[in-house]
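Fold and contact review
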Amino acid sequence: MSKQYLTAHTVDQAHPTEVFSLAPTVHGLLSASGSSTLCFHNTSEPSFPLQQKITNAHKLGCHHVATSRGGLGSVAASVGFGGEIKIWKRKDDSGGWELWWEVAPTKTNGGDVWAIALSADENYLACTTSDGRIHVWDLVARERIQTYETGSSTGGGSFAMAVDLSQNGKLTASGHESGAVYVFNNDAGRIAYSLSGLAKPVRAVAFSPGCKRLAAAGNAGVIAIYDMEHGEHVGNLPAPTSRPAWVTSLDWNETGEYLLSGSLDGKVKVWDVARGACVATHSETEDAIWSVRWLPKSDRVLAPGMSKGEMFCAAGASRSLSFYREATGT
Amino acid sequence: MYSITTRSRNRLAAVPPSAPSSSPSPVPSSSSLSSLSSPDFNLQPSSLVLVPPSGRHGGALSQIEEMFETIVDSLAIGEELTIPYRAARSGGDPSSQSQDRRSEYVRFPGRNIHEAQRFEAIFRILELSHEALLSGNLITKRNIYYQNIDLYKSQGMVDELVDNIAYTLGVGREDLNIVAAARGLIFGPISLIMRGGDALQCGLPTDNGILLPSIYSVESVELNEVKWLLVIEKEATFRTLAASQYPRRCPIGPGVLVTAKGFPDLATRRFLSILHNARPQLTMFALVDYDPHGIAILRTYKTGSKRLEHEENVTVPGLRWLGIRSSDVLAVTDGERLQSSYSSQNISGQESTGSFQDGSHDRRPNKRPRLQRRNPGNSATLLTQGDRKKAVEVMKDIYANGEADDSTREQFGELQRMLMLNIKAEIQAVDDFGDITNWLDEALCRN
C-alpha cells in the first residue's frame with residue numbers, strides 16, 4: 001500500500017542561498033543556509049509565515065541546525081562554516097529565539113565541528129569533528145563532559161559527518177567518511193557497537209523513536225537498518241537503481257513506522273521500514289536535497305476539513321522550503 | 001613619490017589601446033599569420049595591443065640613489081647607516097600603512113649580526129636593481145640569489161626582501177627591473193612584439209607552449225583574431241590542448257591559452273592584467289580544479305593576493321570562472337543520457353570566425369548529450385582536513401574583504417557546497433578519456 005503526500009505549501013526562496021539544514025519544533029521550523037541568517041517559520045498556520053529572522057547568526061553561513069527530537073523545542077543549536085557553535089533558547093513557545101551561549105571554534109580540540117544533535121531533554125549536545133571525535137556538552141553547565149575517540153589515541157579518526165542521540169538518552173551514534181558507524185553507550189562512556197555494512201561515507205544516522213533501530217545512509221545510496229539490542233545489521237532499504245543517489249538526510253516519524261530520506265538527485269522518499277519498501281517518492285526538483293524532517297504532530301488544522309495528518313518538510317539547493325502533508329480521507 | 005605613481009598611472013590610461021602603432025608592422029610572422037588575418041589586416045590596427053611602458057623607473061631609481069646618498073652622508077660623519085625597510089603585511093588599514101611606510105629601518109652595524117647581514121643583503125639587492133635600472137636590463141630573482149648564495153641563505157629570502165623593498169619604495173617589483181624567472185606558458189595564434197623589435201610567435205604548430213616573457217619587455221601584442229583567452233591551472237591540460245591545436249580549432253573562434261603551472265606568479269598575473277586593461281573586449285576565462293586551492297588561484301588572478309597587495313596591475317577583475325564547478329562534478333555520463341537542447345545553432349553563428357587555415361575545421365559533433373545531475377563521478381575524491389581548513393580560510397578572506405558581487409557570491413556558495421559534499425575534483429574530471437575539448441566547447445559557448 002503506498003501512501004500519498006501532497007504539497008501543503010512551498011515557501012519560495014526562503015533563503016538567498018542553498019538551505020543546508022532544518023530543525024522542527026512543535027509549532028515551527030528553523031532553517032539554516034549559506035547565508036548568515038537563520039529563519040524560523042510558523043508551521044501552525046496554513047501560510048507558514050516567517051516568524052523570526054535571526055540575523056548575523058553565522059557570518060560564513062550555517063551548515064547544521066538542530067532541535068531535540070521529541071523535546072519541548074525551547075533550545076536549538078547551530079554550527080557555522082567557521083566552526084562556531086551557537087546555542088539558542090527561547091522562554092516559551094511564542095517567544096523569539098535568543099542567543100544563550102556560544103562555543104568558539106578553538107574550544108573543540110583540533111578538528112573542526114561538523115554535525116550536531118540535541119538530547120530529548122535538551123540538556124546535552126553531541127557534536128562531531130573532522131578528525132573523527134564526538135564531543136558531548138552539558139548545555140546548562142556549559143562544559144564538555146565526554147569525548148568519544150574513533151581514531152588512534154593521537155586523533156586522526158575518520159571525519160564524522162553525522163551524529164544522533166537516542167531519545168532515551170542512552171546511546172550516541174556517529175557516521176563517518178570511512179563508511180564506519182559507531183554506537184556509544186552514554187552511561188558506560190564507551191563504544192557499544194562498531195557497525196559495518198556501508199563502505200562509503202555516511203551522511204546521516206538516526207535512531208528510531210523507540211531506540212530499537214538505527215538507520216544510516218550516505219554515499220552508498222542505500223539505507224542500512226541496525227538493531228540496537230544486539231548491534232546487528234538487520235537489512236537494507238533497497239535502492240531501485242544500479243547507481244543510487246547519495247542520501248543526505250534521514251528522519252523517523254513519531255511512530256517509528258516510516259523513514260524519510262532525502263538525496264542529492266532531489267528525491268524525497270518515505271519508506272515503510274517493516275516492509276522494507278518505499279511507499280512515496282517526491283521528485284519535484286532536480287536540485288540537491290540537503291535536509292528532510294517530519295514535523296512533530298500537533299493539533300494544527302491547516303485548512304477546514306483537513307485532518308491532523310503527518311507532515312514533513314524538505315529543503316536544499318532550491319532555496320525553498322517544501323512542506324508536504326499526508327493525504328487522508330477517500 | 002606618490003605624485004610619480006599617480007602620473008604614471010594616468011599615462012597608462014592615456015594610451016588608447018587602439019592607438020595607431022608607430023612600431024614596425026608586426027607581421028614578420030607572415031607565413032602562419034597571414035592566413036589567420038584578413039587581407040586588409042594593415043587597415044585594422046585594432047588587433048594590435050600596445051603595452052604601456054611601466055614608466056615608473058624614475059621613481060625607483062631616484063629613490064635608490066637617494067638612499068645611497070644618505071648612506072654616503074652617514075659614512076662621512078660616522079653615523080649609523082640606515083635603509084628604510086618595511087615588511088608588506090597582510091590585512092590592516094592601508095591608509096595607516098602608507099603613513100608610516102618609512103618609519104622602519106634596517107641599520108648597520110645594527111643591534112646584532114642578523115641585522116648586519118640583512119643590511120648587506122638589502123644593500124646588495126638595491127645595488128643590483130640600481131645597475132639594472134641604469135642599463136635597462138632585467139635581472140631575475142634567481143640570478144640575485146646565485147650572486148651570493150651564502151649571503152641570502154635561500155631563494156625565499158631573496159623573494160621576500162625584493163617584495164618588501166618594492167613595498168617600502170611604493171613601487172612594483174618590476175619597477176626595480178627585478179623579475180621572477182619566467183614560469184608562465186602561452187600558446188595561441190598571436191605574436192608578441194618585443195621591445196627589441198623581435199616578434200615572438202606563440203602559436204607555431206610545432207610548439208605546445210612558449211615561456212611567457214615579462215610584459216615590460218613586450219612592446220605590443222598582435223592579437224590577430226583571437227576571441228578569448230583561457231588561463232589554465234594545470235600545465236598538463238595546457239600542454240594537451242596546445243598539442244591538439246585547440247586554440248585554432250575552437251568553435252567560437254581562435255583563442256589563447258595561458259598557464260602559470262599552478263599558483264600564479266607575478267609575471268603571468270601582470271601580463272594578463274595589462275592585456276586585460278588594454279583590451280577589455282578580449283574575454284578571459286579561468287579553468288581551475290574544483291578544490292579550495294583552485295578557487296584561491298582563481299581569486300588570485302581576479303582580485304590579487306595578500307602578500308603582493310602593494311603591486312599594481314596584477315588583477316583581472318573581469319576574469320570569468322569557466323570551471324570546474326560542482327555542477328560539472330555532479331554530472332554523470334553513464335545512465336540515461338538526454339538529447340541536448342543545446343543545438344549546433346549556437347555555434348554556427350560564429351563559425352565563420354572559427355574556420356580558418358586550410359579550412360579543415362574540426363568536425364567534432366556539436367551535439368552532446370546533456371548530462372544528468374546525480375552523483376559525483378568516480379574522479380571526485382574526498383576533501384582532506386587541510387582542504388577543509390583551506391576552504392574556510394578562503395571563505396573568511398572573502399568575508400573580510402566585504403566582497404558582494406555575483407561572482408564572489410558564487411565562489412562563496414561553491415565553497416560551502418564543496419564542504420557539504422566533502423569532495424574535490426581535478427580539471428581532468430570533466431574530460432572524456434583525456435579529451436577535454438567537448439566540455440570546453442560547450443563551456444566556452446555557454447559563457
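Worth saying up front: this structure is predicted, and the values here are computed from it rather than measured. (Residues numbered from 1 in each chain as written. Chains lettered and ligands numbered in written order. Predicted model: local features only at pLDDT ≥ 70, side-chain atom pairs only at ≥ 80, totals over all residues. Heavy atoms only, no water.)

**Observations regarding the interface of chain B and chain A**
With 25 residues of chain B at the contact, the number on the chain A side is 31 residues. Buried area between chain B and chain A, both sides added, is near 2600 Å², and the carbon and sulfur share of it is 55%. At the junction of chain B and chain A, the tally comes to 2 salt bridges. Notably, a salt bridge pairs A:Glu18 with B:Arg417, separated by 2.6 Å at the nearest N-O pair. At the surface where chain B touches chain A, the tally comes to 8 residue pairs in polar contact (both at pLDDT 80 or more). Per-element tally for the side of chain B that touches chain A: the top contributor is helix H16 (residues 385-401) of chain B, with 7 residues. Along the lines of polarity and charge, the residues of the side of chain B that touches chain A split into 13 nonpolar, 5 polar and 7 charged. (Contact = heavy atoms within 4.5 Å. Buried area = accessible area lost by both parts, 1.4 Å probe. Salt bridge = Lys/Arg side-chain N within 4 Å of Asp/Glu carboxyl O. Polar contact = N/O pair within 3.5 Å; in protein donor to acceptor, adjacent residues only side chain to side chain. Helix = DSSP H or I, 4+ residues; strand = E, 2+ residues; numbered from the N terminus. Nonpolar A, V, L, I, M, F, W, Y, C, P; charged D, E, K, R; others polar.)

**Observations concerning the side chain of B:Arg86**
Structurally, B:Arg86 can be placed in the loop between strand E2 (81-84) and helix H4 (94-99). Take B:Arg86: its relative accessible area is 3%, and that puts it in the buried class. (Buried < 20%, exposed > 50% of the residue type's maximum accessible area, 1.4 Å probe, protein only.)

**Regarding the UniProt feature "domain: Spo11/DNA topoisomerase VI subunit A N-terminal" (unreviewed entry) in chain B**
The sites that carry the UniProt feature "domain: Spo11/DNA topoisomerase VI subunit A N-terminal" (unreviewed entry) are, in the present numbering, residues 118-178 of chain B. The span residues 118-178 of chain B carries 72% helix and 5% strand; its end-to-end C-alpha distance comes to 19 Å. (UniProt positions renumbered as here; feature names shortened; annotations may be inferred.)

**What to know about helix H11 (residues 266-278) of chain B**
Counted at 1.5 Å a residue, the expected span for H11(B) with its 13 residues is 18 Å, and the 18 Å between its end C-alpha atoms agrees. All buried positions along H11(B) are accounted for by B:Leu266, B:Ala267, B:Thr268, B:Arg269, B:Arg270, B:Phe271, B:Leu272, B:Ser273, B:Ile274, B:Leu275, B:His276 and B:Ala278. (Expected span 1.5 Å × (residues − 1).)

**Remarks on the sheet that holds strand E5 (residues 50-54) of chain A**
All names here are of chain A. The strand order E2-E3-E4-E5 describes an open sheet built from 4 strands, whose pairing is antiparallel. The sheet terminates laterally at strand E2 (19-24) and E5, the two strands that pair on one side only. For this sheet the average axis-to-axis angle between neighbouring strands, irrespective of direction, equals 20°. (Pairing = 2+ DSSP bridges. Axes fitted to C-alpha atoms, helices over the stretch in contact; angles between N-to-C directions.)

**Quick word on unusual backbone geometry**
Of note, the amide linkage connecting B:Phe108 to B:Pro109 takes the cis form, showing an omega dihedral of 5°. If you trace the backbone, B:Pro109 turns up in the loop between strand E3 (105-108) and helix H5 (113-135). Within the chain, A:Gln13 stands out as a residue other than glycine whose phi angle is a positive 45°. Inspection of the secondary structure assignment puts A:Gln13 in the loop between strand E1 (5-11) and E2. Here B:Lys261, not a glycine, exhibits a phi torsion of approximately 55°, which is positive. Considering the arrangement of structural elements, one finds B:Lys261 in the loop between strand E12 (255-259) and H11. Look at B:Lys261 and you get partly exposed, because its relative accessible area is 33%.

**Here we look at the packing of H5(B) against helix H8 (residues 155-169) of chain B**
All names here are of chain B. Taken N-terminus to C-terminus, the directions of H5 and H8 make an angle of 70°; their axes are 10 Å apart at the nearest point. With respect to each other, H5 and H8 are oriented roughly perpendicular. As for how H5 packs across H8, the hand of that crossing is right-handed. Two secondary-structure elements touch here, H5 through Arg118, Ala121, Ile122, Ile125 and Leu126 and H8 through Met157, Glu160, Leu161, Val162 and Ile165. Within the contact of H5 with H8, the residues separate by chemical class into 8 nonpolar, no polar and 2 charged. (Parallel < 35°, antiparallel > 145°, perpendicular 65-115°, else oblique. Left-handed = near helix turned anticlockwise from the far one by under 90°.)

**Here we look at a negative patch on the surface**
Negative charge collects at one region of the surface, where B:Glu65, B:Glu66, B:Glu69 and B:Asp73 lie side by side. Position of B:Glu65 among the secondary structure elements: in helix H3 (residues 57-77). (Patch = residues over 30% accessible without salt bridge, like charges linked within 9 Å, V, L, I, M, F, W, Y side chains within 5 Å. Areas by Shrake-Rupley, 256 points an atom, 1.4 Å probe, with all protein chains shown as cover. Lys, Arg positive; Asp, Glu negative; His and termini not counted. Charge placed at Lys NZ, Arg CZ, Asp CG, Glu CD.)

**Remarks on the pattern of salt bridges**
Taken as a whole and assessed by the stated rule, the structure comprises 27 salt bridges over all chains. Across the pair A:Lys3 and A:Glu326 runs a salt bridge whose closest N-O atoms are separated by 2.9 Å. Placement of A:Lys3 in the segment before E1 and of A:Glu326 in strand E28 (residues 321-326) is noted, with a sequence separation of 323 residues between them. For the residue pair A:Lys3 and A:Glu326, the accessibility class agrees, reading buried in each case. With a closest N to O distance of 3.6 Å, B:Arg270 and B:Glu174 form a salt bridge.

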